[in-house]
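# Chain and residue survey
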Amino acid sequence: HYLAMDEQTGDVGYAWEEGRQLCVQADQAYIATGTRVARLDRQTYVAASRRRHDLELEIYQLSRERDAEKKAANEPRLTAAAEELKLLEPVGVVWEQPTEADLSLLVTGEHVLVGGPGQVTAYRKDTGEPVWTQATHGDPRGLAAAAGKLLVSTDAGVIACFGSEAAKPPAR
């Protein structure tokens, strides 16, 4: 469950998602859940997530019925709620890729970078296609990007810099 607040107005919004990492960029949200990394259309996904949450609560309440007659009477609604929930599953998901990585998440102009055990993976922001994976010494806990470089800090105390150009000496 994510809760967001508008800094200017104080208005609150929420969405239901099992994500462990979240980045928001304009009208898109990016999540890493431990089972997938995904790009979500925020408006569509949020509306669908609220309906999914209502259905999950309804299914839970209906399935708790102990009286056999009431349980049988609830069965059509339980089935309908489960079917609607399945139909809502992909609503608002622009793309998703299976991954267990969920230690860190960064979105840049062209890529979504996800840190997982001992590695960082880059996905194309527009399609979700994996484009690059790099092993790291330790688990990536911090990601930063600047000037075409990716900085990765790990739980082993290493700060690594990745980029396509050769390293230049520091300016004096």
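Look a little higher up for the structure.
Computed from a predicted model, the values in this text were never measured in an experiment.

Reading the values: rules and limits
- Residues numbered from 1 in each chain as written.
- Predicted model: local features only at pLDDT ≥ 70, side-chain atom pairs only at ≥ 80, totals over all residues.
- Heavy atoms only, no water.
- Helix = DSSP H or I, 4+ residues; strand = E, 2+ residues; numbered from the N terminus.
- Buried < 20%, exposed > 50% of the residue type's maximum accessible area, 1.4 Å probe, protein only.
- Contact = heavy atoms within 4.5 Å.
- Areas by Shrake-Rupley, 256 points an atom, 1.4 Å probe, with all protein chains shown as cover.
- Axes fitted to C-alpha atoms, helices over the stretch in contact; angles between N-to-C directions.
- Parallel < 35°, antiparallel > 145°, perpendicular 65-115°, else oblique.
- Left-handed = near helix turned anticlockwise from the far one by under 90°.
- Nonpolar A, V, L, I, M, F, W, Y, C, P; charged D, E, K, R; others polar.
- Expected span 1.5 Å × (residues − 1).
- Pairing = 2+ DSSP bridges.

So, on to the overall build of the protein chain. Scanning the protein chain for helices and strands turns up two helices and 13 strands. Out of the 172 residues in the protein chain, the part that is buried amounts to 33%. Long-range pairs, those at least 24 residues apart, make up 41% of the contacts in the protein chain between residues at least 6 apart in sequence. Accessible surface for the protein chain amounts to roughly 10900 Å². Of this, 52% is attributable to carbon and sulfur atoms.

With that out of the way, let us pick up the packing of helix H1 (residues 42-63) against helix H2 (residues 68-88). Relative to each other, H1 and H2 sit at 150 degrees, their axes nearing to 9 Å. Relative to H2, H1 is oriented roughly antiparallel. Along this stretch, H1 crosses H2, giving a crossing that reads as left-handed. Contacts from Ala-48, Arg-51, Arg-52, Leu-55, Glu-56, Glu-58, Ile-59, Leu-62 and Ser-63 of H1 reach H2 at Asn-74, Arg-77, Leu-78, Ala-81, Ala-82, Glu-84, Leu-85 and Leu-88. Taken together, the residues that form the contact of H1 with H2 break down as nine nonpolar, two polar and six charged.

This part is about H1. Three- or four-residue spacings in an α-helix give side chains the same orientation, since the helix completes a turn every 3.6 residues. Counted at 1.5 Å a residue, the expected span for H1 with its 22 residues is 32 Å, and the 31 Å between its end C-alpha atoms agrees. Three or more residues of H1 are buried, namely Tyr-45, Ala-48, Ser-49, Arg-52, His-53, Leu-55 and Leu-62.

Turning to its location among the elements, Leu-151 is positioned in strand S12 (residues 149-154). The class of Leu-151 is partly exposed, set by a relative accessible area of 38%. Sequence-wise, Leu-151 and Phe-162 are eleven residues apart; in three dimensions their C-alpha atoms are separated by 6.5 Å. Dropping the residues within four chain positions of it, Leu-151 is found in contact with Gly-142, Leu-143, Ala-144, Ala-160 and Cys-161.

What follows deals with the sheet that holds strand S10 (residues 130-135). Picture the strands of a sheet paired through backbone hydrogen bonds; they go either parallel or antiparallel. Here four strands make up an open sheet; going across it, the order is S7-S8-S9-S10 and the pairing antiparallel. Taken across any chain shown, the strands that pair with only one partner, and hence form the sheet edges, are strand S7 (104-107) and S10. For this sheet, the mean inter-axis angle between neighbouring strands, taken without regard to orientation, is 15 degrees. Across five bridges, the pairing between strand S9 (residues 119-124) and S10 is antiparallel. From the neighbouring strand, Gln-119 faces S10, where its bridge partner is Ala-135.

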